[in-house]
Amino acid sequence: MKSLTYLRHYDPRIYQISILGTLLIYGLFYLDFDLNPGAIVLIPSLAIATQYAYHRSLSLPVFDVKSPLISALSLCLLLRTNSITLLLLAPIITISSKFLFRWKDKHLFNPTNFGLVTLLLFTEQIWISPGQWGNGTLLALLLAGLGSWVIYQADRADITLAFLTFYAVILFGRALWLGDPLTIPLHQLQSGALLLFAFFMLSDPKTTPNSRAGRLLFALLIALGAAFIQFWLYRTNGLLWSLAFFSPLTPIIDWLLPNPPYQWPTHEEKQS
C-alpha cells in the first residue's frame, strides 16, 4: 500500500503518455493502422509548437510538454484523413481550444474531443474508424487494464466506471427491448474506441466536474447523449458528439455541486 501511495504522487500524465504511446505502437505494428508514419512526427511536433506559442504569447510561468503530447498521441490514435492540410490543422485546433475556451482554471472542452468534432463538423475529409481496433476480448481487457491504471492515478475512476455502467445498461436494455441477442451489446462494449474514450478522454480531470456527484451526473448525460445520437439520430461518433455537447455544462455542474478543483501533482508533492 505504501508503494502505491508513493506512485500516486507522480503526475498521472506520465503514465498516460507511456500507455498511449504503447497503444499507438501496438496499433501500427499489430493492427496495421492506416496511419502515415510521418503523421506520428508531424502531429506531436505541431501540438508542442502550438502549446509553446501560447505559452510565450500569454507569458505563462511554466511550459509543460506533457499535456500537448497526450492530445497529440490521442489524435494519432483516432484521427484519419488523406488531407495534409487537415492533418496540420488538427493539432493546432486541438491545442488552441485549451487557451481559447476556458472557465476559471479549467478547459471547457477536452482538447482532443474539440479538435476532432470541429473537423467532423466542417469537413467530410476526416473520419474516426472504430473498426481499426476490432472487437476482440483480449484487446478490450488490455485497454481496460491500462486505462484503469491511468484513472487510478488521476482519481477519476468514478466517472469512467459510471459511464461504462450507464452505457452498458442502455445497450443491454435496448437489446432486450428489440429482442436482439445479448452478444450484440457485449461486442459493442468490447470496442477499443469505446474503451479508449472512457478511460483516456472522458476521465480528463481538467474538463470534468470537480465533485463526485457532478461527475456521476456528467457520465449519465454523456451516456444518454451518445445513445440518442447513435440509436435515434443514426449518426456515427455519438460518443464524441455527446461529450462536446455536454462539456459546456461542467461550469454549471461545478456551481451547483461545488468541490475543490483537481490539481496535477507538484514537485513538492512528489518529494513528500
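Residues numbered from 1 in each chain as written. Predicted model: local features only at pLDDT ≥ 70, side-chain atom pairs only at ≥ 80, totals over all residues. Heavy atoms only, no water.

Draft legend 1. Quick peek at the environment of alanine 157. The residue alanine 157 is located in helix α8 (residues 157-178) in this model. Classification of alanine 157 as partly exposed rests on a relative accessible area of 27%. As for alanine 157 and alanine 198, which are separated by 41 residues in sequence, their C-alpha atoms are 9.9 Å apart. (Helix = DSSP H or I, 4+ residues; strand = E, 2+ residues; numbered from the N terminus. Buried < 20%, exposed > 50% of the residue type's maximum accessible area, 1.4 Å probe, protein only.)

Draft legend 2. Looking closely at the pattern of salt bridges. Evaluated as defined, the whole model comprises 4 salt bridges. As a salt-bridge pair, aspartate 158 and arginine 212 come within 3.0 Å of each other at their nearest N and O atoms. Residue aspartate 158 is located in helix α8, and its partner arginine 212 is located in helix α11 (residues 212-232); the two are separated by 54 residues in the primary sequence. The salt bridge involving arginine 215 is made with aspartate 158; its shortest N-O contact spans 2.7 Å. In this pair, arginine 215 is assigned in helix α11 and aspartate 158 in helix α8, connecting sequence segments 57 residues apart. Here arginine 215 matches aspartate 158 in class, with each residue buried. Each of Asp158, Arg212 and Arg215 takes part in one network of salt bridges that share partners. (Salt bridge = Lys/Arg side-chain N within 4 Å of Asp/Glu carboxyl O.)

Draft legend 3. Structural detail: the packing of aromatic side chains. Counting across every chain of the model gives 9 aromatic pairs. The interplanar angle of 85° and the centroid separation of 5.2 Å between the aromatic rings of tyrosine 52 and phenylalanine 63 together place this pair among those described as edge-to-face. With tyrosine 52 in helix α3 (residues 37-57) and phenylalanine 63 in the loop between α3 and α4 (66-78), this pair connects stretches of sequence that are 11 residues apart. The partly exposed category is assigned to tyrosine 52, whose relative accessible area is 38%. For the ring pair phenylalanine 163 and tyrosine 167, a centre distance of 5.5 Å and an interplane angle of 15° mean the geometry is stacked. (Phe/Tyr/Trp six-rings, centres within 6.5 Å; stacked < 30°, edge-to-face > 60°.)

Draft legend 4. Fine view of the nonpolar core. Core analysis: the largest hydrophobic core is formed by 63 residues, its most contacted members being Phe163, Tyr167 and Phe197. Sort the elements by how many residues they give to this core and α11 lands first, with 9 residues. With residues near it in sequence (within four places) discarded, tyrosine 167 still touches Leu189, Leu194, Ala223, Ala226, Ala227, Gln230 and Leu239. (Core = buried A, V, L, I, M, F, W, Y, C linked by side-chain atoms within 4.5 Å. Contact = heavy atoms within 4.5 Å.)

Draft legend 5. Inspection of unusual backbone geometry at higher detail. Here tyrosine 234, not a glycine, exhibits a phi torsion of approximately 55°, which is positive. Looking at the secondary structure, you find tyrosine 234 in the loop between α11 and α12 (238-246). Its identity is not glycine, yet asparagine 237 carries a phi of approximately 60°, on the positive side. Residue position: asparagine 237 is located in the loop between α11 and α12.

Draft legend 6. View of empty space enclosed by the protein. What the rule picks out here adds up to 2 cavities of 30 Å³ or more. Estimates place the volume of the largest cavity at around 40 Å³. In this structure, the largest cavity is lined by Trp103, Lys106, His107, Leu108, Thr250, Pro251 and Asp254. Of all the secondary structure elements, the ones that give two or more residues to the lining of the largest cavity are β3 (106-107) and α13 (250-256). At 3 residues, α13 tops the list of elements feeding residues into the lining of the largest cavity. Of the residues in the lining of the largest cavity, the class split is 3 nonpolar, 2 polar and 2 charged. Each pocket or cavity is described by its volume, and for the second largest cavity that value is around 40 Å³. As for the second largest cavity, its lining consists of Leu20, Ser74, Leu78, Leu196, Phe200 and Met201. Going through the elements one at a time, α4 and α10 (192-201) are the ones with two or more residues in the lining of the second largest cavity. (1 Å grid on protein atoms, 1.4 Å probe; cavity = no way out; pocket = protein on both sides within 12 Å on 5 of 7 lines; lining within 4 Å. Points joined across faces, edges and corners; volume = space filled by probe spheres on them. Nonpolar A, V, L, I, M, F, W, Y, C, P; charged D, E, K, R; others polar.)

Draft legend 7. Quick look at the environment of leucine 171. Mapped onto the secondary structure, leucine 171 falls in helix α8. Overall, the relative accessible area of 3% leaves leucine 171 in the buried class. Along the primary structure leucine 171 and leucine 186 are separated by 15 residues, whereas in three dimensions their C-alpha atoms are 8.5 Å apart.

Draft legend 8. Here's a closer look at the confidence of the model for the chain. Considering every residue of the chain, the mean pLDDT works out to 83; 83% of them sit at 70 or more. Taken together, the stretch residues 1-8 has pLDDT below 50 and engages in 10 contacts with residues farther than four places along the chain or on a different chain. For the stretch residues 267-272, pLDDT sits under 50, and the model shows 8 contacts to residues farther than four places along the chain or on other chains. (pLDDT = per-residue confidence, 0-100.)

Draft legend 9. Structural context of the packing of helix α2 (residues 12-29) against α4. Following both chains from N to C, one finds α2 and α4 inclined at 25°, their axes separated by 10 Å at the closest point. Overall, the two elements α2 and α4 adopt an arrangement that is roughly parallel. Considering only the axes of α2 and α4, their crossing is left-handed. Across the interface between the two elements, Arg13, Ile14, Gln16, Ile17, Leu20, Gly21, Leu23 and Leu24 of α2 pack against Lys66, Ser67, Leu69, Ile70, Leu73, Ser74, Cys76 and Leu77 of α4. (Axes fitted to C-alpha atoms, helices over the stretch in contact; angles between N-to-C directions. Parallel < 35°, antiparallel > 145°, perpendicular 65-115°, else oblique. Left-handed = near helix turned anticlockwise from the far one by under 90°.)

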